[in-house]
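The residues making up each chain are set out below.
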Amino acid sequence: MAYFLKSFRQLLSGGQAAAQVPVMATSQHLRRFVLVLLALLSLGATFDWSEDARWELRSQDQTLYRLDETMAELGAPPTEQEMFVMDKIGLLVRQRNQRAVNLTVLNGSWEVLRNGQVMGRVNQPLTEWQAQLGDPLTVFINPQKVGVIYYYRGSLIDMGLMVAEDKVLSVMFVEPGYLRGALERSGYTPKQ
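The notes below deal with the structure included here. Values in this document were obtained by computation on a predicted structure and should not be read as measured data. Residue numbers run consecutively from 1 along every chain, following the written order of its sequence. Whole-chain, interface and lining totals are the exception, using all residues; otherwise, since this is a predicted model, local features are given only for residues with pLDDT of at least 70 and side-chain atom pairs are given and counted only at 80 or more. Side-chain calculation: all heavy atoms of the structure are included, whereas hydrogens and water are not.

Structural notes on the side chain of Glu69
Only DSSP runs of H or I covering at least 4 residues are called helices, and only runs of E covering at least 2 are called strands; the numbering of each starts at the N terminus. Locating Glu69 in the fold gives a position in the loop between β2 (64-65) and α3 (71-74). Residue contacts are counted whenever heavy atoms from the two residues lie within 4.5 Å of one another. Apart from the residues within four sequence positions on either side, Glu69 is in contact with Leu64, Leu74, Gln98, Arg99 and Ala100.

Quick look at the environment of Met159
Topologically, Met159 is positioned in strand β10 (residues 158-164). Burial status follows relative accessibility: with a 1.4 Å probe on protein chains alone, a residue under 20% of its type maximum counts as buried, one over 50% as exposed, and anything between as partly exposed. Overall, Met159 belongs to the buried group, its relative accessible area being 0%. With 104 residues separating them along the chain, Met159 and Trp55 place their C-alpha atoms 9.6 Å apart. Excluding residues that lie within four positions of it along the chain, Met159 makes contacts with Trp49, Trp55, Val112, Leu133, Tyr150, Tyr151, Tyr152, Val171, Met172, Phe173 and Leu179.

Topic: the environment of Lys167
Mapping Lys167 onto the fold places it in strand β11 (residues 167-174). Looking at Lys167, the relative accessible area reads 39%, which means it is partly exposed. A sequence separation of 45 residues divides Lys167 from Val122, and the C-alpha atoms of the two residues are 8.0 Å apart. When residues no more than four places from it in sequence are discounted, the contact partners of Lys167 are Asn123, Gln124, Pro125, Leu126 and Met162.

These figures come from the coordinates and say nothing about function on their own.
Here it is in structure tokens:
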């Protein structure tokens, strides 16, 4: 502030002495502003969960799996069973009318993508997931189970992250509005 006042007085005196104002180039100001703005936006700013988005699971062989795919699109054999496991890739599928309504990762290396951007990977620390996804709507616990479920609700998907020892061990994609009830029926309750 002292520099500003001294320089301001020099400018008012007719400019007989050269003002020594510490001035940065406009591009430097703009660059700093943009960096600060980006840093502030990345601190907890996440996307809008109510926005329609394409959510996909990507397996270790880079194959993409989505809710509402037909059994043929999933690469699953036609079956009348409501629930079955695709053993080769470690994916549990629940289907209705030959369409996937629940995809649950059982094992393997998987990534979750939102509109093509990786949101997280199975066995990645929870903090890295939350940097992308934000805080869950609810955390569900079951005294009979070691892990907890971080529950997220989007416009086109309910997503559950099975978390134990601060790592995401599994991911569940469930048609909107069904995951919470399924968790409660299986003994999970919201964490207080």
